[in-house]
Amino acid sequence: MREPKAMVVAGVMSGTSADGVDVAVVRVSPGAPTPKLKVIGHESFAYSEDVRAAVLRAMDAKEVSVAELSRLNWRLGEVYADCVEKTAAKVGKKIGLVSMHGQTIYHQGVAEEYLGAPVRATWQLGEAAVVAERMRVPVVSDMRPADLAAGGQGAPLVPMLDFCMFRSATKNRVLLNLGGIANVTAIPAGAGLDGLLAFDTGPANMVVDALMFKLYGRNYDCGGQTAARGRVLAGVVDEVMKDGYFSALPPKSCGREQYGAAFVARVHEACVAAGGKKADVIATATEITVRSVVEAYAKFCWSHLGQRAPLAKATELIAAGGGARNAYLMKGLTARFAELGVKVLAMDEMGVAAEAKEAAAFALLGWLSWFGMTGNVPSATGAKRGVVLGKVSLG
């Protein structure tokens, strides 16, 4: 076991939207009761069109060659190494450790029968050995399998950062991340790590992004401008919200397996059948995110935080991820949560760039793993115990 010490760690994140790579350079130091973090700098890098197309082809693919998956794994390793090198040069810091999530191409958090036994499975691409060789520092990667092996769903893993950075003695805090998938961490005022509730609420950006590309040839709805020109088709939203995932009890996680091409086609077809125009489709898909987040809070977080009508302790919701830049989406969330007495803040108001949060979380998780400390939160993932996450490639 190594004695914990302060390190400058590069956290690398590429999410289910498959739009690119975020790198956060974070100074992580020992502390009591939890480690201390300072985000030094952050950069975002878009995938090239051909890399993004290859990633999307690989995600939950019914047919893709082993050769293509292997080549993509190595190509992404080079992409991640480029991104870390450029970020380190930009912030002017020597990196002591890299911690990378990798690109998820398949995630099945709930066990299903396979070859005569119940199996959970997850697969993240991006060859860590390439990054370790280029940076000549250790790389911690492949974070999710240890939690799955311990009976968890391998997600969400960001709650450890939420607890370390944002817990409060006097306020309930709800941390909302709006990436490809939306997830929440509810932290009651004064709670310990075992008092967290965290889970994926459903799609955030990935459905909107896919529909924007399908209808407009653009990768995302910049600022929510397209959605703002449309009208919400309430009947379509109501029908989608009947899906079993939204009412399933936490712990739970989801991904492109549930909200990929088939779901996108379903939403599009339902909007067309309801007489919707292109902008209406985008407004409706965005409203699905709003409704699923707010209803998840009302069903599962409200009671966990000890809220009783009219209100108990003050509650703040802090939004991060690319969706926090979507003004239309944030306007909808702010209005709905105001009705519940919840104040909505952007992560930037807490001193952390909205896009940097997940990358910073993996910087923290890599640091914990390097020093042999547990990184999962069993109350969030459903694991039987806390485990040391990841695998190490030595530089």
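Up top is the structure these notes are about.
Below is a short write-up of the structure. (Residues numbered from 1 in each chain as written. Predicted model: local features only at pLDDT ≥ 70, side-chain atom pairs only at ≥ 80, totals over all residues. Heavy atoms only, no water.)

Observations concerning the overall build of the protein chain
Then, in step 1: When you go through the protein chain residue by residue, the secondary structure sums to 15 helices and twelve strands.
Then, in step 2: By the compact-globule yardstick of 21 Å for 395 residues, the protein chain fits well, its C-alpha radius of gyration being 20 Å.
Then, in step 3: Projecting the C-alpha coordinates of the protein chain onto the three principal axes gives extents of approximately 60 × 50 × 50 Å.
Then, in step 4: A total of 395 residues make up the protein chain; the buried ones form 57% of that total.
Then, in step 5: A separation of at least 24 residues holds for 70% of the contacts in the protein chain among residues at least 6 apart in sequence.
Then, in step 6: Between the mean site of the 43 positive side-chain charges and the mean site of the 37 negative ones, the protein chain shows a separation of 5 Å. (Helix = DSSP H or I, 4+ residues; strand = E, 2+ residues; numbered from the N terminus. Rg over C-alpha atoms; globule rule 2.2 N^0.38 Å. Buried < 20%, exposed > 50% of the residue type's maximum accessible area, 1.4 Å probe, protein only. Contact = heavy atoms within 4.5 Å. Lys, Arg positive; Asp, Glu negative; His and termini not counted. Charge placed at Lys NZ, Arg CZ, Asp CG, Glu CD.)

Examining the packing of aromatic side chains
The description of an aromatic ring pair rests on the distance of the ring centres and on the angle between the ring planes.
Then, in step 1: If you walk through the whole model with that rule in mind, you get eight aromatic pairs.
Then, in step 2: Seen in terms of ring centroids, Tyr245 and Phe246 are 6.3 Å apart; in terms of plane orientation they differ by 80°. Their pairing is edge-to-face. Summarising the burial analysis for this pair, Tyr245 and Phe246 share the class buried.
Then, in step 3: Taking NZ or CZ as reference, Arg2 lies 3.5 Å from the ring centre of Trp370, over its face.
Then, in step 4: A cation over an aromatic ring shows up here: Lys278 above the ring of Tyr216, its NZ or CZ 4.5 Å from the ring centre. (Phe/Tyr/Trp six-rings, centres within 6.5 Å; stacked < 30°, edge-to-face > 60°. Lys NZ or Arg CZ within 6 Å of the ring centre and 35° of its normal.)

Some words on the layout of surface pockets
Then, in step 1: Approximately 230 Å³ is the volume attributed to the second largest pocket.
Then, in step 2: Considering the residues around the second largest pocket, the lining is formed by 15 residues, among which Gln108, Gly109, Val110, Glu112 and Gln258 are closest to the centre.
Then, in step 3: Of all the secondary-structure elements, those providing two or more residues to the lining of the second largest pocket are strand E4 (97-114) and helix H10 (256-259).
Then, in step 4: Top element by residues in the lining of the second largest pocket is E4. It accounts for six residues.
Then, in step 5: Its residues assigned to classes, the lining of the second largest pocket shows five nonpolar, seven polar and three charged. (1 Å grid on protein atoms, 1.4 Å probe; cavity = no way out; pocket = protein on both sides within 12 Å on 5 of 7 lines; lining within 4 Å. Points joined across faces, edges and corners; volume = space filled by probe spheres on them. Nonpolar A, V, L, I, M, F, W, Y, C, P; charged D, E, K, R; others polar.)

Points about the sheet that holds strand E10 (residues 315-320)
Then, in step 1: Reading across the sheet, the five strands line up as E9-E8-E7-E10-E11 and stay open at both edges, with mixed pairing between neighbours. Across the chains shown, the open sheet's two edge strands, defined by having one partner strand only, are strand E9 (197-203) and strand E11 (342-346). Across the sheet, the mean angle separating the axes of adjacent strands is 20° when strand polarity is ignored.
Then, in step 2: Taken together, the six bridges between strand E7 (residues 172-178) and E10 define a ladder with parallel strand orientation. When the bridges of E10 are listed, Asn177 appears paired with Ala320. (Pairing = 2+ DSSP bridges. Axes fitted to C-alpha atoms, helices over the stretch in contact; angles between N-to-C directions.)

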